[in-house]
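# Remarks on the overall topology
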Amino acid sequence: MRILSGLQPTGRLHLGNYFGMMQPALQLQHEGEALYFIADYHSLTSIQDATALRTNVRDLAIDFLACGLDPTKAVFFRQSDMPEHTELAWILSCVTPMPMLENCHSYKDKVANGIPANHGLFAYPVLMAADILIYDSDRVPVGKDQKQHLEVTRDIATKMNLVFGEGTLKVPEPLIREETATVIGNDGRKMSKSYNNTLALFEDEKALRKKVMRIITDTTPVADPKPTADSSILKLYRLVASDSEYQAMVEDFERGGRGYGDYKQQLFEKIWEFFAEAREKRAGIVAEKGYVEDVLRDGAARARVLARQTLDRVREAVGLG
Ligand code: ADP
Ligand code: TRP
């Protein structure tokens, strides 16, 4: 089984990225042939500052490795080291109907949020399809917000097979964990960099505590039982605490007698503890000069062997070269 996923280097990793995409991806590296990459071509649709982009790429690589990506198991690379993706994207774009892209929520949302509508942003799902299809990927672990992009990928692969012959491209399956499909931020909305409501994985202690303390709660008095149904604190605690710890907090909520501030402190401590090992590992990676570059270079060399096979097959099928 070949597993592939990518992350855009658009800012520091947050709990939504970790539980939505990274944790499943990290588990899967032990179950199949995994390929994970930093989607810097994609980020060029929104970051147009060379220094910022390079810094983000490096930070993301460090963070991903710190969280447990094992470069001896998974192939870990930088998308822009693989221009083969953009060549396949062009071929795919020639069978992609315009309305399919016009319907994409992610494009419509970004434009609605004031991000300038450049052609790259519009064509983004085609490049994403190329990222996936060029490795004959079987499974693609992503958060729920990427579901539509995966559908587009499947539609494009199916269309390619229809036009150029069965077996031209492999149709992949998305892998979306429903229980952590959407991690919410400290304002109760989906956690996202664009909403400024994130809890970052490698934030300093004081800043993280402050953000946890800012989680929006209702006005139930301290002495009263607290509603458990839609509590942001409980939803986040569930991700970082054990089942019994989570159950204990639910019962505590139902009993009443403690204020939300106490629960937030408890949540903060669990989050801090959850990433303690990764923090330590991160410091080691940062200290080892040249390590990250070596990992990414080696990853690209391994990825290239696989990408070339698919690209040669597709070029043959469509009549190029
Ligand atoms: P952001 O919304 O902060 O810009 P990205 O779009 O870069 O995050 O998402 C990177 C990956 O993390 C994707 O696979 C996405 O589905 C996942 N992800 C992002 N935010 C969340 C969230 N709040 N809950 C679950 N998964 C998420
Ligand atoms: N679009 C994804 C995101 O914003 C990142 C991405 C690019 C990706 N190419 C991919 C994810 C291929 C999975 C597979 O999170």
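Residues numbered from 1 in each chain as written. Chains lettered and ligands numbered in written order. Predicted model: local features only at pLDDT ≥ 70, side-chain atom pairs only at ≥ 80, totals over all residues. Heavy atoms only, no water.

## Re the overall build of the chain
- Scanning the chain from N- to C-terminus turns up 14 helices and five strands.
- Here the C-alpha radius of gyration of the chain, 21 Å, is about what a compact globule of 321 residues would show, namely 20 Å.
- Dimensions of the chain, computed from the C-alpha atoms along their principal axes, are close to 75 × 45 × 35 Å.
- Burial status across the chain gives 49% buried among its 321 residues.
- Put simply, of all contacts in the chain between residues at least 6 apart along the chain, 78% involve residues at least 24 apart.
- Looking at the chain as shown, the accessible area adds up to about 15,200 Å², and 51% of this sits on carbon and sulfur atoms. (Helix = DSSP H or I, 4+ residues; strand = E, 2+ residues; numbered from the N terminus. Rg over C-alpha atoms; globule rule 2.2 N^0.38 Å. Buried < 20%, exposed > 50% of the residue type's maximum accessible area, 1.4 Å probe, protein only. Contact = heavy atoms within 4.5 Å. Areas by Shrake-Rupley, 256 points an atom, 1.4 Å probe, with all protein chains shown as cover.)

## Details of helix 4 (residues 84–93)
- Taken residue by residue, helix 4 has E84, H85, L88, A89, I91 and L92 as its buried positions. With its buried residues spanning 165 degrees around the axis, helix 4 presents them on a single face.
- Looking at the buried residues of helix 4, the elements they touch are strand 3 (75–78), helix 7 (119–133), helix 8 (147–164) and helix 14 (291–318). (Arc of directions from axis to C-beta.)

## Digging into the packing of aromatic side chains
- Enumeration according to the criterion identifies 13 aromatic pairs in this entry.
- Ring geometry for Y18 against F19: centres 4.9 Å apart, planes inclined by 85 degrees, an arrangement best described as edge-to-face.
- Ring plane angle 65 degrees and centroid distance 6.1 Å describe the contact between F253 and Y260, whose orientation is recorded as edge-to-face. In this pair, the class of F253 matches that of Y260, namely buried. (Phe/Tyr/Trp six-rings, centres within 6.5 Å; stacked < 30°, edge-to-face > 60°.)

## Description of the pairing of strand 2 (residues 33–38)
- The buried fraction of strand 2 is high, at five of six residues.
- Since strand 1 (residues 2–7) and strand 2 lie parallel, the crossover through helix 1 (residues 15–28) that links them has a hand, and here it is right-handed.
- Where strand 2 meets strand 3, four bridges bridge the pair, whose relative direction is parallel. Note that in strand 3 the partner of L35 across the bridge is V75. (Right-handed = clockwise from strand over helix to strand, strands pointing away. Pairing = 2+ DSSP bridges.)

## Digging into the site of ligand 2
- Close to ligand 2 lie 14 residues, the nearest being Q8, Y124, M128, D131 and Q146.
- Y124 places a side-chain nitrogen or oxygen 2.7 Å from a nitrogen atom of ligand 2.
- Contact distances for ligand 2 include 2.7 Å between a nitrogen atom and a side-chain N or O atom of D131.
- Relative to its free-state accessible area of 370 Å², ligand 2 is covered by the protein chains to the extent of 91%. (Near = heavy atom within 4 Å. Polar contact = N/O pair within 3.5 Å; in protein donor to acceptor, adjacent residues only side chain to side chain.)

## Concerning the site of ligand 1
- Around ligand 1 there are 18 residues in total, and H14, D145, V183, S192 and K193 lie nearest to it.
- K193 is positioned with one of its backbone polar atoms (N or O) 2.8 Å from an oxygen atom of ligand 1.
- About the coverage of ligand 1: the protein hides 91% of its 530 Å² of free accessible area.
- At a threshold of 2 Å from the grid points, most atoms of ligand 1 map onto the largest pocket.
- Here the element with the most residues in the shell around ligand 1 is helix 1; it accounts for four residues.
- Residue composition of the shell around ligand 1, by class: six nonpolar, nine polar and three charged. (1 Å grid on protein atoms, 1.4 Å probe; cavity = no way out; pocket = protein on both sides within 12 Å on 5 of 7 lines; lining within 4 Å. Sits in = over half its atoms within 2 Å of the grid points. Nonpolar A, V, L, I, M, F, W, Y, C, P; charged D, E, K, R; others polar.)

## Focus: the pattern of salt bridges
- For the coordinates displayed, the defined rule picks out 26 salt bridges.
- Put simply, R78 and D81 hold a salt bridge, and the shortest N to O gap is 3.1 Å.
- When its relative accessible area of 15% is taken as the criterion, R78 is described as buried.
- A salt bridge links E84 to R308, with the shortest nitrogen-to-oxygen separation between them at 3.9 Å. Here R308 lies in helix 14 and E84 lies in helix 4, a separation of 224 residues in the sequence.
- For E84, a relative accessible area of 8% translates into the label buried.
- One connected set of salt bridges, linked through shared partners, spans R78, D81, E293, D294 and R297. (Salt bridge = Lys/Arg side-chain N within 4 Å of Asp/Glu carboxyl O.)

## Brief notes about helix 8
- Taking 1.5 Å as the rise per residue, helix 8 with 18 residues should run 26 Å; its terminal C-alpha atoms sit 26 Å apart, in good agreement.
- All buried positions along helix 8 are accounted for by Q148, H149, L150, V152, T153, I156, A157, M160 and N161.
- Among the residues trailing helix 8, G165 stands out with phi positive, at a value near 115 degrees. (Expected span 1.5 Å × (residues − 1).)

## Comments concerning empty space enclosed by the protein
- Per the stated rule, a full pass over the model turns up one cavity of 30 Å³ or more.
- In this structure, the largest cavity occupies an estimated 50 Å³ of space.
- Elements supplying a minimum of two residues to the lining of the largest cavity: helix 6 (105–112) and helix 7.
- Class assignment of the residues belonging to the lining of the largest cavity gives a composition of five nonpolar, two polar and one charged. (Points joined across faces, edges and corners; volume = space filled by probe spheres on them.)

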